[in-house]
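Descriptive structure summary
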Amino acid sequence: MDKKFTITSDIPSPAHICPFDQACSYLDAAGKELKLNQGLLEILSNPRKVVTVSIPVKRDNGEIQVLAGHRVQHCNVLGPFKGGIRFHPAVTLREVSALAMLMTWKCALLGIPYGGGKGGIAINPKNYSATELERISRRYISELIKDIGPSVDIPAPDMGTSAREMAWMMDTYSVNMGHAVPGVVTGKPLSIGGSLGREMATGRGVMIIVREALKNKGKSLEGIRIAIQGFGNVGGAAAELLHQAGAKIIAVSTGSGGVLAENGLDIQDLKAYQKENNRKILGYPQAKPISNAELLTLPCDVLIPAALENQITDENVNQIQANLIVEAANGPVTLEANLSLEARGVTVLPDILSNAGGVVVSYLEWVQGLSYLFWDEQKVNDEMESLMVKAYLKVIQESQNRKISPRLAAYVLGVGRVAQALNDRGLYP
Ligand SMILES: NC(=O)C1=CN([C@@H]2O[C@H](COP(=O)(O)OP(=O)(O)OC[C@H]3O[C@@H](n4cnc5c(N)ncnc54)[C@H](O)[C@@H]3O)[C@@H](O)[C@H]2O)C=CC1
Ligand SMILES: O=C(O)CCC(=O)C(=O)O
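Residues numbered from 1 in each chain as written. Chains lettered and ligands numbered in written order. Predicted model: local features only at pLDDT ≥ 70, side-chain atom pairs only at ≥ 80, totals over all residues. Heavy atoms only, no water.

What about the UniProt feature "site: Important for catalysis" (unreviewed entry) in the protein?
The sites that carry the UniProt feature "site: Important for catalysis" (unreviewed entry) are, in the present numbering, Asp158. By the secondary structure assignment, Asp158 is in the loop between strand 5 (153-157) and helix 5 (163-177). (UniProt positions renumbered as here; feature names shortened; annotations may be inferred. Helix = DSSP H or I, 4+ residues; strand = E, 2+ residues; numbered from the N terminus.)

Listed below in structure tokens is the structure:
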């Protein structure tokens, strides 16, 4: 019998935390809600193409190392594969596959004409010099040259990569084509066709979602106590913009631990300290040191995980005190933890909505490039904000109409749009 999912048990919960299995469980839950045919779900559960390449790299000391570089292309029914490239020691093919699938639903939910992809290399970029990272980035793209392109697959930054790596990748692709191809990557430096607003975009999108969620509860950002795990591109930008908007950022953390100031951190000052201290925030004199585990369980109004997957699990979920969690990272809350948070009435706004500001501005960068136009930052921010708010309102509406969680509602909207397109294109009988 077709069992209607309820708000507290709408996601099945297998007892493991493989990111790809979790992504498939969410897809299955959306498929059930949408009453999708099993064959169609089978198509959507499998990436369209999985590429793993060897990247031989000569270290600065002359040693040769061979790295594995992945690119997973999940779905291109709505447009080119789109998604970041991660340099992080925990990268695995299953992780990249999960992240590629999330990109498909994210782009569909936001209504931008892309499919989903993701790439990654299992290295700790901190252990490599800039010249080594350049060789790695260039060789990775050389090996993938036939699989990417402005209308095929368009990489962007993710953990451990930034505009610098995108510039090397764009240059390598362009040299091979014999002319400049700015549309092959997004998140590029402004000098080679990047967009104003892209660097802060994911964090800005997170700020917009927090603001809208509070507005929905009749509150404003003023004085709201927020803890943020991760102080990189996304966490750092979200902290800065939320702080500017009047929120109190009581704690932030990096991979090596965090800092807490009950009365709120001065984010600009902390950023300046981080810059001066080789990207470290520990030792910041105006705050107390805390561990990442402590940060997640602090008493606060809003918790923003902005680092890695699987940070809120069944092991720490009962200690979580925030009643709004906005997923800035991809997959930071496990299936089981998600269930238990929903059962307690904690609102969890999912990654595919909350961190979509980055790919939205990537899309705006790509559009500017294709039309040989450059917009001012206000226009970029306004366009992004309008798409983010629209997606947020649709998710909340869908969640209320179907009496399902915001996460399942976001999946229903994203998966539903891709399924519809698959049917309309006739790729599925
Ligand atoms: N960069 C972008 O535009 C987008 C990124 N995301 C997601 O946001 C998350 C963060 O990405 P970025 O900020 O770009 O990466 P980043 O590399 O700029 O920063 C990552 C931050 O997380 C911290 N971190 C690393 N391991 C940690 C651990 N075990 N515990 C706590 N903190 C840890 C790092 O120290 C750093 O502060 C990822 O899940 C990524 O997929 C999502 C959408 C777009
Ligand atoms: O900007 C992009 O194209 C992709 C960003 C990304 O990797 C993500 O949203 O997880």
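Read on, since the account is not over.
Some details on the site of ligand 2
Taken together, 14 residues lie near ligand 2, and Lys82, Gly84, Lys106, Lys118 and Ser362 sit nearest. A distance of 2.6 Å is found between an oxygen atom of ligand 2 and a side-chain nitrogen or oxygen belonging to Lys82. In the model, an oxygen atom of ligand 2 is placed 2.7 Å from a nitrogen or oxygen of the Lys118 side chain. Protein contacts shield 95% of the accessible area of ligand 2, which totals 300 Å² for the unbound molecule. Of all elements in the fold, only strand 3 (81-87), helix 3 (93-110) and helix 12 (357-370) reach the threshold of two or more residues within the shell around ligand 2. Here the residues of the shell around ligand 2 are counted per class, giving three nonpolar, six polar and five charged. (Near = heavy atom within 4 Å. Polar contact = N/O pair within 3.5 Å; in protein donor to acceptor, adjacent residues only side chain to side chain. Areas by Shrake-Rupley, 256 points an atom, 1.4 Å probe, with all protein chains shown as cover. Nonpolar A, V, L, I, M, F, W, Y, C, P; charged D, E, K, R; others polar.)

A short note on the site of ligand 1
Surrounding ligand 1, one finds 23 residues, the nearest of these being Arg86, Asp158, Thr202, Asn233 and Ala307. Here an oxygen atom of ligand 1 sits 3.1 Å away from a polar atom, N or O, in the side chain of Arg198. With respect to ligand 1, the backbone of Val234 contributes an N or O atom lying 2.9 Å from an oxygen atom. Calculation on ligand 1 without its partners gives an accessible area of 820 Å², and the protein chains cover 85% of this total. Inspection of the shell around ligand 1 shows a minimum of three residues originating in each of domain 1 (46-185) and domain 2 (200-354). (Domains from an automatic or database assignment.)

Observations concerning the nonpolar core
Judged by nonpolar contacts, the single largest core of 94 residues is most densely connected at Val210, Ile226 and Leu242. Of all the elements, helix 14 (residues 406-425) adds the most residues to this core, at eleven residues. Split by domain, the residues of this core number at least three in each of domain 1 (46-185) and domain 2 (200-354). Setting aside chain neighbours within four positions, we find Val210 in contact with Leu221, Ile226, Leu242, Val302, Ile304 and Val326. Counting 25 residues, the second largest nonpolar core, distinct from the first, contains Ile123, Leu133, Met169 and Val181. (Core = buried A, V, L, I, M, F, W, Y, C linked by side-chain atoms within 4.5 Å. Buried < 20%, exposed > 50% of the residue type's maximum accessible area, 1.4 Å probe, protein only. Contact = heavy atoms within 4.5 Å.)

Comments concerning the environment of Val210
Inspection of the secondary structure assignment puts Val210 in helix 6 (residues 198-216). Along the sequence, Val210 and Val252 sit 42 residues apart, while their C-alpha atoms lie 16 Å from each other.

Details of the side chain of Ser174
Within the secondary structure layout, Ser174 lies in helix 5. Ignoring anything within four residues of it in the chain, the contact list for Ser174 reads His179, Ala180 and Val181.

Things to note about the UniProt feature "binding site: NAD(+)" (unreviewed entry) in the protein
The sites that UniProt annotates as "binding site: NAD(+)" (unreviewed entry) are Thr202 and Asn233. For the annotated residues, spread through 32 residues, the largest C-alpha to C-alpha distance comes to 8.0 Å, consistent with a single compact locus. Within the fold, Thr202 resides in helix 6. Thr202 has contacts with Val234, Asn355, Gly357 and Gly358, leaving out every residue within four places of it along the chain.

Things to note about helix 3
Under the 1.5 Å per step criterion, the end-to-end length of helix 3 is 26 Å for 18 residues, consistent within 8% with the ideal 26 Å. For helix 3, the tally of buried residues reaches 16 of 18 residues, placing the bulk of the element in the interior. Of the residues trailing helix 3, Gly111 is marked for its positive phi of about 75°. (Expected span 1.5 Å × (residues − 1).)

Quick look at the domain arrangement of the protein
The domains assigned to the protein are domain 1 (46-185) and domain 2 (200-354). For domain 1 versus domain 2, the separation of C-alpha centres amounts to 27 Å. Opposite the twelve residues of domain 1 that make contact, domain 2 presents eight residues. Summed over both partners, the interface of domain 1 with domain 2 buries about 820 Å², with 63% contributed by carbon and sulfur atoms. For the pair domain 1 and domain 2, the interface holds one salt bridge. Arg86 is paired through a salt bridge with Glu309; the nearest N and O atoms lie 2.8 Å apart. (Buried area = accessible area lost by both parts, 1.4 Å probe. Salt bridge = Lys/Arg side-chain N within 4 Å of Asp/Glu carboxyl O.)

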